[in-house]
Amino acid sequence: MGLFNVTHPASFLLTGIPGVESSHPWLAGPLCVMYAVALGGNAVVLQAVRVEPSLHKPMYYLLSMLAFSDVAMSMATLPTVLRTFCFNARNITFDACLIQMFLIHSFSMMESGILLAMSFDRYVAICDPLHYTTVLTNEVITGMGVAVTARSFLTLFPLPFLIMRLPICRSNVLSHSYCLHPDMMKLACADITINSSYGLFVLVSTFGMDLFSIFLSYVLILRSAMAIASHEERLKALNTCVSHILAVLAFYVPMIGVSTVHRFGKHVPRYVHVLMSNVYLFVPPVLNPLIYSAKTKEIRRSIVRRFRRVKIMSASNMSDDSLPTTLFLTGIPGLEWAHIWIAIPFCTMYMVALAGNVALILVIAMDNVLHAPMYLFLCLLSLTDLALSSTTVPKMLSILWLHAGEISFGGCLAQMFCVHSIYALESSILLAMAFDRYVAICNPLRYTVILNHTVIVKIGLVGIFRSVAIVSPFIFLLRRLPYCQHHVMAHTYCEHMGIARLACANITVNIVYGLTVALLAMGLDSVLITISYGFILRAVFRLPSRDAQHKALSTCGSHLGVILVFYIPAFFSFLTHRFGQHRIPKHVHIFLANLYVLVPPVLNPVIYGARTKEIRSRLLRLLHLKKISV
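Residues numbered from 1 in each chain as written. Predicted model: local features only at pLDDT ≥ 70, side-chain atom pairs only at ≥ 80, totals over all residues. Heavy atoms only, no water.

## Notes on the overall build of the chain
Reasoning step 1: Check the secondary structure of the chain and you find 23 helices and five strands.
Reasoning step 2: For the C-alpha atoms alone, the extent of the chain along its principal axes is close to 75 × 65 × 50 Å.
Reasoning step 3: Counting all 630 residues of the chain, 46% fall into the buried class.
Reasoning step 4: In the chain, the share of contacts with a sequence separation of at least 24, taken over all contacts with a separation of at least 6, comes to 79%.
Reasoning step 5: Only carbon and sulfur atoms are counted for the fraction: they give 71% of the accessible area of the chain, which is about 31000 Å².
Reasoning step 6: Each charge sign in the chain was given a centre, from 46 positive and 26 negative side chains, and these centres are 7 Å apart. (Helix = DSSP H or I, 4+ residues; strand = E, 2+ residues; numbered from the N terminus. Buried < 20%, exposed > 50% of the residue type's maximum accessible area, 1.4 Å probe, protein only. Contact = heavy atoms within 4.5 Å. Areas by Shrake-Rupley, 256 points an atom, 1.4 Å probe, with all protein chains shown as cover. Lys, Arg positive; Asp, Glu negative; His and termini not counted. Charge placed at Lys NZ, Arg CZ, Asp CG, Glu CD.)

This is the structure:
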């Protein structure tokens, strides 16, 4: 730092996405998923190329380099992005910011160079296939990798020194959740012409030349492909380029968009700049492994073969001889002729459930006033409603409309686990909401102290842990049973007792455990909710004013409506399933089972939207603003 006698701040402040700071914790979830997909997907591609001899070819070696640069890019941005969005930890030291800036720009340029090398690989494979292995030897591929790495580091090596020479005295607040050269140089209170000119020179001489060279290589590839006499051979040759073209578009289109907006979109809102920069950095590492896994047959086969091998090894100590490979869901027995017509209201209800719950989540996430315990619990309820309906309805509609009733045994167990665990989680959230109403009415002065955000997070984690813990044994109880070729299940989705009744063995343990889970989870929750409302009613009727009594009870109206919507179909379905086995037609059982996974997700947002003034007013305001903007 003594090299330049200028003023630098000790640290910078990262801002995430300006204008939506209150929603950063909600955006952290999708960002974590994107990082997990990027790191996991690229790691799978690297492992597949490493262990599969058939993938030891120039094209796949270059793909490994691309996957490595994607992993490195993700790791360069991961620490500061998650700290900023999850914990609002915005500080980053000046030196650490310089290092991150250098790494992000270097790995981005490296990815551009690798895409150029991959276009050369496609050019040689199509235009000179006889010399492909001679031209692209392992030594040449290694040389390409070294050249791309050296070019990136040597070209961008001056950037930290160009920043260090600038005095930064205007502000120390950056507009991203990571450090970039254009963002840092704008904080300087000195002439930044050299930085701007060098940045433009790097952009044109590397990324620009790479893109032009890729375009030129594809012109030559198209000319050679069109010269092929056979139409099938022509398509086959061009098909080998599809994955690379998609990867090029995923990388360069966001980059060109960012550069265009940055240079000429001075009046574009800041959050648009930041969002486009995030897309440019986060999307390619996510899409590249998905593109190559989906479009490249050899990689897809290698990954599938690898997972099958792992599955066989993990199941080697279990007796799976009697487990069916697939099961067949018939839909609603006795009403097969009406499946198409039944699916229409089911589909409509699903769309309403998706739209209503997403609207509730957005309204609560975007409004600081609604970040109160009651509304955070409501947000959790909406998330479970989305999960419950999305776990069952798509398969249900495919059965009713397309007669696609086949489902793998493992997929059926997974759906069964999700349905029961999400249902148990929703019951625990309703219990937590009852506790929220109890504290708000019986101990209002300590409401925000008792139900702070930490307590709410702990309640949510306990609910998830309880649901997973009590439902997990279902999987092992079903896998221990022999099924003796009984593969047809009269239902629209997989549930515990429906699968158990296919077994040709005693299922008493399954019945007893299922009944225990129902009583100790949903049954105990409903009893505790009843007790909490007993205390609430006692506290309300002690209030001296009739208006105060009415106001206190009105805050519980939405919650009571949701409880009735959730528990009445569940208990009715449970009672008819247990005690009305031979008296009530089968199609009534199945129809009721469909309703209790559809009705609560549909009615919950409607009830809270209609009964809760704060949510209703903000929904109307949001719709009004959208209407004006249109």
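Right, picking up where we left off after that structure.
## Side note on the nonpolar core
Reasoning step 1: Phe 12, Leu 63, Leu 115, Met 118, Leu 174, Cys 179 and Met 184 are the most contacted members of the largest nonpolar core, which has 79 residues in total.
Reasoning step 2: Element by element, the count of residues in this core is highest for helix α3 (residues 94–127), at 15 residues.
Reasoning step 3: Those residues in contact with Met 118, other than ones at most four positions away along the chain, are Leu 62, Leu 63, Leu 66, His 244 and Tyr 292. (Core = buried A, V, L, I, M, F, W, Y, C linked by side-chain atoms within 4.5 Å.)

## Structural notes on the environment of Leu 378
Reasoning step 1: Along the polypeptide, Leu 378 turns up in helix α14 (residues 373–402).
Reasoning step 2: Sequence separation between Leu 378 and Leu 603 is 225 residues, and the spatial gap between their C-alpha atoms is 13 Å.
Reasoning step 3: In this structure Leu 378 touches Leu 360, Ile 364, Met 433, Tyr 608 and Ile 615, once residues within four positions along its chain are discounted.

## Focus on the pairing of strand β3 (residues 326–329)
Along a regular strand, successive side chains alternate from one face of the sheet to the other.
Reasoning step 1: The alternating pattern of β3 places Leu 327 and Leu 329 on a buried face, while none of Thr 326 and Phe 328, on the opposite face, is buried.
Reasoning step 2: Here β3 pairs with strand β4 (residues 406–408) via three bridges, running antiparallel. Across the sheet, residue Leu 327 finds its bridge partner in β4, namely Ile 407.
Reasoning step 3: Both β3 and strand β5 (residues 488–489) contribute to a ladder of two bridges, which runs parallel. Directly across from Leu 329, in β5, lies its bridge partner Met 489. (Pairing = 2+ DSSP bridges.)

## A look at the state of the cysteines
Reasoning step 1: Inspection of the entire model under this criterion finds three disulfides.
Reasoning step 2: Linked covalently through their sulfurs, Cys 169 and Cys 189 form a disulfide whose S-S length is 1.7 Å. Residues Cys 169 and Cys 189 share a disulfide whose torsion about the S-S bond is about 125°; that sign makes it right-handed. Of this pair, Cys 169 sits in the loop between α6 (158–164) and α7 (181–185) while Cys 189 sits in the loop between α7 and α8 (193–226), and the two are 20 residues apart along the sequence.
Reasoning step 3: Judged by its relative accessible area of 52%, Cys 169 is exposed.
Reasoning step 4: The disulfide partner of Cys 412 is Cys 494, and the gap between their sulfur atoms is 1.9 Å. Negative torsions about the S-S bond denote left-handed disulfides, and the value of about -115° found for Cys 412 with Cys 494 makes this one left-handed. Taken together, the residues span a long stretch of sequence, with Cys 412 in helix α15 (residues 409–442) and Cys 494 in the loop between β5 and α18 (496–500) at a distance of 82 residues.
Reasoning step 5: Accessibility expressed as a relative area gives 0% for Cys 412, which makes it buried. (Disulfide = S-S within 2.5 Å.)

## Focus on the side chain of His 176
Reasoning step 1: Structurally, His 176 is set in the loop between α6 and α7.
Reasoning step 2: Take His 176: its relative accessible area is 8%, and that puts it in the buried class.
Reasoning step 3: Polar side-chain contacts of His 176 include one of 3.3 Å to the side chain of Ser 175.
Reasoning step 4: Only 3.1 Å separates the side chain of His 176 from the side chain of Asp 183, close enough to count as a polar contact.
Reasoning step 5: His 176 has contacts with Leu 14, Thr 15, Gly 16, Asp 183, Val 274 and Ser 277, leaving out every residue within four places of it along the chain. (Polar contact = N/O pair within 3.5 Å; in protein donor to acceptor, adjacent residues only side chain to side chain.)

## A look at helix α17 (residues 453–479)
Reasoning step 1: An ideal rise of 1.5 Å per residue puts 39 Å on 27 residues; α17 measures up with 40 Å between its terminal C-alpha atoms.
Reasoning step 2: Within the span of α17, buried status applies to Ile 456, Gly 460, Gly 463, Ser 467, Val 471, Phe 474, Leu 477 and Leu 478.
Reasoning step 3: Buried residues in α17 make contact with α14, α15, α18 and α19 (508–541). (Expected span 1.5 Å × (residues − 1).)

## Looking at the sheet that holds β4
Reasoning step 1: Read from one edge of the open sheet, three strands run β4-β3-β5, paired in mixed fashion. Only two strands of the sheet have a single partner each, and these edge strands are β4 and β5.

## Considerations on the packing of aromatic side chains
Reasoning step 1: Inspection of every chain in the model, using the stated rule, returns 16 aromatic pairs.
Reasoning step 2: A connected cluster of aromatic rings, assembled from ring pairs, spans Phe 207, Phe 251, Tyr 252 and Tyr 280. (Phe/Tyr/Trp six-rings, centres within 6.5 Å; stacked < 30°, edge-to-face > 60°.)

In short, the description is geometric, and any link to function would need to be established separately.
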